[in-house]
Amino acid sequence: MQSISITAGVASFLFKLSWWWAPSKFDPVKSPMIFFEKDQPVIPQIPPHVGLDMVLKHMVLFVEKQLRPGAIKFFRTQSPRHFEGGDWDQGGSCQRLQPLLAEQVEELFSLKNNGTNVEARLVNQHLYKALKGSGYHILDITHMSEFRADAHPSTSGGKKHDDCMHWCLPGITDTWNDLFIEHLNNIKFRD
């Protein structure tokens, strides 16, 4: 395995997960995820949520060992999707022109409803579990972004399907950056 070096002079790191961890992305038969430990595949295969816990645990430990003492570590929560009427490849769309109301957010994202858009909350549960007791700060952008179903490019740019995952600029991502800077300033002034 190739050795990875994390620069000793870095003062802060911001990590995030990708949508590739969404449970719906992997079918145990058609497209299984294969996890490795000590350069060997984990046999028998483990489900994606167990693999995600394993990856997060190892990543947290690795980064904490590698960074210089006092380095500031952030993990950003998942960015929500806003597909309605199906997923991206099933005719789902995001044609809203106004932010969602609180009850609409719960309808689209509640784990109880098991809808198209619950992945962000599911992955965040694993993230919070892995970071509990660690030296990481959590930049929670998920809930505030869930309201912004109106902020996706949709069919702009000539796409054949609605893009309800990426965000228009300027927009909500600028708010995430402002939130990150505010968190950094609070840590700096507290220490």
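Structure's up top.
Predicted model only: the values in this text are computed from it and were never measured. Residue numbers here run from 1 along each chain, matching the order of that chain's written sequence. Restriction of local features to residues with pLDDT of at least 70 applies here, the model being predicted, together with a cutoff of 80 or more for giving and counting side-chain atom pairs; totals for whole chains, interfaces and linings are based on all residues. Think of the side-chain values as coming from all heavy atoms in the structure, minus any hydrogens and water.

Chemist: What exactly am I supposed to notice about the sheet that holds strand 5 (residues 136-139) here?
Modeler: Across a sheet, strands are paired by hydrogen bonds formed along the backbone, either parallel or antiparallel in direction. In this analysis, strands are considered paired if DSSP registers two or more bridges between them. Only DSSP runs of H or I covering at least 4 residues are called helices, and only runs of E covering at least 2 are called strands; the numbering of each starts at the N terminus. Judged by pairing direction, the sheet is parallel, and its 3 strands sit side by side in the order 1-4-5 without closing on themselves. The open sheet has two edge strands with one neighbour each: strand 1 (12-16) and strand 5. Strand-to-strand twist of the sheet, defined as the mean angle between neighbouring strand axes without regard to direction, takes the value 25°. Alignment of strand 1 against strand 4 (residues 72-76), held across 5 bridges, turns out to be parallel. Looking at the pairing, Leu 14 lines up with Phe 74 of strand 4. Fitting a line to C-alpha atoms yields each axis, with helices limited to the stretch in contact; the angle taken between N-to-C directions then spans 0 to 180 degrees.

Chemist: I tried to follow the pairing of strand 4 on my own but got confused; where do I start?
Modeler: Taken residue by residue, a regular strand's side chains alternate between the two faces of the sheet. Most of strand 4 is tucked away: 5 of the 5 residues are buried. Neither face of strand 4 is left uncovered, since the one carrying Ile 72, Phe 74 and Arg 76 and the one carrying Lys 73 and Phe 75 both have all their residues buried. Two strands pair when backbone bridges link them, and strand 4 and strand 5 are joined in this way by 4 bridges, in the parallel orientation. Its bridge partner lying in strand 5, Phe 75 is registered against Ile 138. Burial classes: relative accessible area under 20% of the type maximum marks a residue as buried, over 50% as exposed, and values in between as partly exposed (1.4 Å probe, protein chains only).

Chemist: Whenever I open this one, the environment of Val 105 confuses me. Can you help?
Modeler: Note on placement: Val 105 falls in helix 2 (residues 102-109). The exposure class of Val 105 is buried, given its relative accessible area of 0%. Separated by 42 residues in sequence, Val 105 and Phe 147 have C-alpha atoms that sit 6.1 Å apart. Aside from chain neighbours lying at most four places away, what touches Val 105 is Leu 100, Ser 110, Arg 121, His 143, Glu 146 and Phe 147. Here a residue-residue contact requires only that any non-hydrogen atoms of the pair lie within 4.5 Å.

Chemist: Any chance you could explain the state of the cysteines here in plain terms?
Modeler: By definition, a disulfide links the sulfur atoms of two cysteine residues through a covalent bond. Here, two cysteine sulfur atoms that lie within 2.5 Å of each other are counted as a disulfide. Counted by the stated rule, this structure contains 1 disulfide. What pairs with Cys 94 in a disulfide is Cys 164, and their sulfur atoms sit 2.2 Å apart. Across the S-S bond of Cys 94 and Cys 164 the torsion is about -95°, and the bridge reads as left-handed. Of this pair, Cys 94 sits in the loop between strand 4 and helix 2 while Cys 164 is found in the loop between helix 4 (142-146) and helix 5 (172-190), placing the two residues 70 residues apart along the sequence. By the burial criterion, Cys 94 is buried, and Cys 164 matches it. With no disulfide of its own, Cys 168 lies 8.9 Å from the sulfur of Cys 94, the closest cysteine sulfur. Given the relative accessible area of 33%, Cys 168 is considered partly exposed.

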